[in-house]
Amino acid sequence: MGNHNAYILCLHLFSFLVLLTACDVAGTQVVQSSSHHQNHHSRYRQVGLSKLFVFGDSYADTGNNPKSVAKSWHEPYGITFPGRPTGRWSDGRVLTDYVASFIGIKSPIAYKWIKFGPKLLSNGINFAYGGTGVFNTLAPQPNMTTQINFFQKIIQTGVYSKRDLDSSLALVSLAGNDYGAYNARSGTAQAVQQLNNEVKNSTFLLDLHSAFMSVFKKRNSSGNVKFSNPLQPCCVGMDASNSCGSTDQLSGKKKYRVCKHPKAAFFWDLLHPSQAGWHAVSLVLHSSFNKLYS
């Protein structure tokens, strides 16, 4: 494959809610974030970014996991947007949706739906599967290497031209599903290098740890923090044996409860930010996107 002038964004949190440490990917630059932003849509159009290719886990997944096994396809997921479950691990939009919005395009179609025709591929493809990592995890879904292989096979079919790839952005999200930080760190470097075989080496790391911490500390005009108890999830199981989305297998009775105001919660469930949480994080990360056209 020839080299193409695209960009790769890598987001990495190890041992989520334990270490919250951003991983240094070999050969990448950590871009510090702030809440300042300006005219992002017009500036992205000047750069010419028109497609987004997404790899990773539940922070980026927009519906690839099978409906038969993923709670993200069941209520109450999706209650804020679009009002029904769509396979996103949140009450609404996730990281992928906000990155696509920054570029000025619609969120790319989930890989599982590409069989319905090439017209659906105009904004790119989302290969991310919830629960996966660089290596195999307890989730029996395609890991990072397999996701990249999917991407390479599609490139070989000629669906996307060199111009398409020249104007593309690749988002890599890894939230710590791998068994060990050392293995994940090493595997991330390998995965990024594999992507760099397809695109020009324009990789940089967005620091989610700093973004999360900034949101937790950010205060409004009244001097109050936006999320008063940021580690308290909105949707939880009624007991230790259940979680958000759990139901009784016989009666179908709900085994979870949802907070009254999801917009006031940073976390939707025990592991995933709410739409409000991701929106706040995206605003903090906004200035980091200046790297794309600096």
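Per an unreviewed UniProt entry, the protein goes by GDSL esterase/lipase At3g09930-like isoform X4 and derives from Nelumbo nucifera. UniProt, in the comment section headed Sequence similarities (unreviewed entry), describes the protein in these words: "Belongs to the 'GDSL' lipolytic enzyme family."

**Observations concerning unusual backbone geometry**
Working note: non-glycine residues mostly have negative phi, and peptide bonds are mostly trans. With omega at 10 degrees, the peptide bond leading from Glu75 into Pro76 counts as cis. In this structure, Pro82 follows Phe81 across a cis peptide bond, with omega equal to 0 degrees. Tracing the chain through its elements places Pro82 in the loop between strand 4 (51-56) and helix 3 (95-103).

**A word on the packing of helix 7 (residues 208-217) against helix 8 (residues 275-285)**
Helix packing geometry: the angle between the two helix axes and the distance between the axes. Where helix 7 meets helix 8, the closest approach of the two axes is 9 Å, and the angle between their N-to-C directions is 115 degrees. It follows from the interaxial angle that helix 7 and helix 8 lie roughly perpendicular. In the crossing of helix 7 with helix 8, the sense of the turn from one axis to the other is right-handed. Along the contact surface, helix 7 presents Leu208, Ala211, Phe212, Ser214 and Val215, while helix 8 presents Trp278, Ala280, Val281, Val284 and Leu285. Grouping the amino acids of the contact of helix 7 with helix 8 by side-chain chemistry returns 9 nonpolar, 1 polar and no charged.

**Some details on the packing of helix 3 against helix 8**
It is the contact of helix 3 with helix 8, at a shortest axis distance of 9 Å, that shows an interaxial angle of 40 degrees. Between helix 3 and helix 8, the crossing angle belongs to the class labelled oblique. Both helix 3 and helix 8 take part in a crossing whose hand is right-handed. Facing Leu95, Tyr98 and Phe102 of helix 3, the residues of helix 8 in contact are Gln275, Trp278, His279 and Ser282. Split by residue class, the contact of helix 3 with helix 8 holds 4 nonpolar, 3 polar and no charged.

**Description of the state of the cysteines**
Applying the stated rule across the entire model yields 2 disulfides. Between Cys234 and Cys259 runs a disulfide, and the two sulfur atoms are separated by 2.0 Å. When the S-S torsion is -95 degrees, as for the bridge of Cys234 with Cys259, the disulfide is left-handed. Taken together, the positions of Cys234 in the loop between helix 7 and strand 9 (235-237) and Cys259 in the loop between strand 10 (256-258) and helix 8 put the pair 25 residues apart, joining distant regions of the chain. The disulfide partner of Cys235 is Cys244, and the gap between their sulfur atoms is 2.1 Å. Between Cys235 and Cys244 the disulfide shows an S-S torsion of about 95 degrees. By sign, it is right-handed. For the residue pair Cys235 and Cys244, the accessibility class agrees, reading buried in each case. If one numbers only the bonded cysteines of the protein, in the order they occur, the disulfide pattern is 1-4, 2-3.

Thresholds, definitions, all that
Sequence order as written defines the numbering, with residues in each chain counted from 1. For this predicted model, a pLDDT threshold of at least 70 governs which residues receive local features, and a threshold of 80 or more governs which side-chain atom pairs are given and counted, while totals over whole chains, interfaces and linings are taken from all residues. Each side-chain value is worked out from all heavy atoms of the structure, with water and hydrogens disregarded. UniProt positions are given in the numbering used here, feature names are shortened, and annotations may be inferred rather than shown by experiment. Starting at the N terminus, helices and strands are each numbered in turn, a helix being any DSSP run of H or I of at least four residues and a strand any DSSP run of E of at least two. Helix axes are fitted only over the stretch in contact, all axes being lines through C-alpha atoms; the angle between N-to-C directions runs from 0 to 180 degrees. Roughly parallel means an angle under 35 degrees; roughly antiparallel means over 145; roughly perpendicular covers 65 to 115; every other angle is labelled oblique. A clockwise turn of the near helix away from the far one marks a right-handed crossing, whereas an anticlockwise turn of less than a right angle marks a left-handed crossing. In what follows, residue pairs with any heavy atoms lying within 4.5 Å of each other are defined as contacts. Nonpolar residues are Ala, Val, Leu, Ile, Met, Phe, Trp, Tyr, Cys and Pro. Charged residues are Asp, Glu, Lys and Arg, and all others, Gly as well, are polar. Cysteine sulfur pairs qualify as disulfides if the two atoms are within 2.5 Å. Residue burial is assigned from relative accessible area. The probe radius is 1.4 Å, only protein chains are included, and a residue is buried under 20% of its type maximum, exposed over 50%, and partly exposed in between.

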